[in-house]
Amino acid sequence: MKKILVVVDMQNDFVDGSLGTKEAIGIVENVVDKIKNYDGKIFATLDTHPNGYLQTLEGKKLPVRHCIRMTNGWLLNEKVMDALSNKDYRVIEKRTFGSTRLVNEIRRIKRNNDIEIECVGLCTDICVVSNALLLKANFPEVNITVDASCCAGVTPETHSAALKTMKMCQIDVIGE
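The structure presented is a predicted model; accordingly, all values stated were derived computationally and were not measured.

A. Seen up close, the sheet that holds strand β6 (residues 172-174). Sheet architecture is open: 6 strands sit in the order β3-β2-β1-β4-β5-β6, paired in parallel fashion. The open sheet terminates on both sides in strands that have one partner only, identified here as β3 (89-94) and β6. For this sheet, the mean inter-axis angle between neighbouring strands, taken without regard to orientation, is 25 degrees. As paired strands, strand β2 (residues 41-47) and β3 are joined by 6 bridges and run parallel to one another. Paired with Leu46 across the bridge in β3 is Glu93. Set on the sheet, helix α5 (residues 100-110) makes contact with β1 (2-8), β2, β3 and β4 (115-122); between it and β3 the angle comes to about 145 degrees. Here helix α7 (residues 156-168) sits on the sheet in contact with β5 (143-152) and β6, set at roughly 170 degrees to β5.

Rendered as structure tokens:
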């Protein structure tokens with residue numbers, strides 16, 4: 001069984017930057033521990049926007065500049081990056097909430113292996129749920145788990161709602 005960990009958007013802007021929250025800061029050590037103790041392939045996604053983000057449809061609905069490519073806010077949190085440094089990991093840039101590129105990369109691994117997938121990161125209620133549901137839709141027979149202790153939402157209420165949604169879609173939720 002090949003294990004895959006998806007670390008979603010643990011970027012400076014989501015941890016303690018323009019869209020950061022105390023809950024996001026509070027999961028960093030959990031994510032670091034998860035990565036350090038993980039034995040398998042790791043994908044780390046990066047929410048990636050252009051300088052003209054505010055003119056995009058997303059930018060008009062969420063008018064907060066964040067994760068602008070090649071800025072400090074776009075970079076992975078330093079503690080998370082340090083934890084990844086000795087691991088088998090790959091970074092995947094994504095332009096929106098969910099990543100079809102991530103799905104395709106995992107599909108390549110699945111061709112020759114039975115797999116299981118675990119997701120952690122930010123924000124539970126936007127990018128974590130989007131990627132978990134994309135993965136479940138593409139790999140309905142694969143066990144997919146989300147570790148709630150390694151996730152934070154925009155608010156605690158929307159974090160809980162996203163966990164409930166994932167459970168309803170047969171994604172296992174641990175660490176509550």
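B. Quick look at the pairing of β1. A large share of β1 lies buried, amounting to 5 of its 7 residues. Bridge analysis of β1 against β4 gives 7 bridges, and the strand direction is parallel. Bridging from a neighbouring strand, Ile4 pairs with Ile117 of β4. With 5 bridges connecting them, β1 and β2 associate as parallel partners. The residue of β2 that forms the bridge with Val7 is Ala44.

C. Geometry of the layout of surface pockets. What the largest pocket holds in volume is close to 180 Å³. The wall of the largest pocket is formed by Phe14, Leu19, Thr21, Asp47, Glu58, Leu62, His66, Phe97, Cys123, Ile126, Cys127 and Val154. Considered class by class, the residues forming the lining of the largest pocket number 8 nonpolar, 2 polar and 2 charged. Estimates place the volume of the second largest pocket at around 160 Å³. Along its surface, the second largest pocket is lined by Thr48, His49, Pro50, Tyr53, Thr56, Leu57, Glu58 and Arg95. Within the lining of the second largest pocket, the residues separate by chemical class into 3 nonpolar, 3 polar and 2 charged.

D. View of the pattern of salt bridges. One pass over the full model with this rule turns up 11 salt bridges. Salt-bridge contacts for Lys22 lead to Glu23; the nearest nitrogen and oxygen are separated by 3.2 Å. Accessibility expressed as a relative area gives 25% for Glu23, which makes it partly exposed. A salt bridge links Asp47 to Lys94; the shortest N-O distance between them is 3.7 Å. Within this pair, whereas Asp47 is found in strand β2, its partner Lys94 is found in strand β3, the two being separated by 47 residues in sequence. Taking relative accessible area as the criterion, Lys94 reaches 3% and is therefore assigned buried. Ionic contacts of the salt-bridge type, sharing partners, join the residues Asp9, Asp47 and Lys94 into one network.

Cut-off values and rules
Residues numbered from 1 in each chain as written. Predicted model: local features only at pLDDT ≥ 70, side-chain atom pairs only at ≥ 80, totals over all residues. Heavy atoms only, no water. Pairing = 2+ DSSP bridges. Helix = DSSP H or I, 4+ residues; strand = E, 2+ residues; numbered from the N terminus. Axes fitted to C-alpha atoms, helices over the stretch in contact; angles between N-to-C directions. Contact = heavy atoms within 4.5 Å. Buried < 20%, exposed > 50% of the residue type's maximum accessible area, 1.4 Å probe, protein only. 1 Å grid on protein atoms, 1.4 Å probe; cavity = no way out; pocket = protein on both sides within 12 Å on 5 of 7 lines; lining within 4 Å. Points joined across faces, edges and corners; volume = space filled by probe spheres on them. Nonpolar A, V, L, I, M, F, W, Y, C, P; charged D, E, K, R; others polar. Salt bridge = Lys/Arg side-chain N within 4 Å of Asp/Glu carboxyl O.

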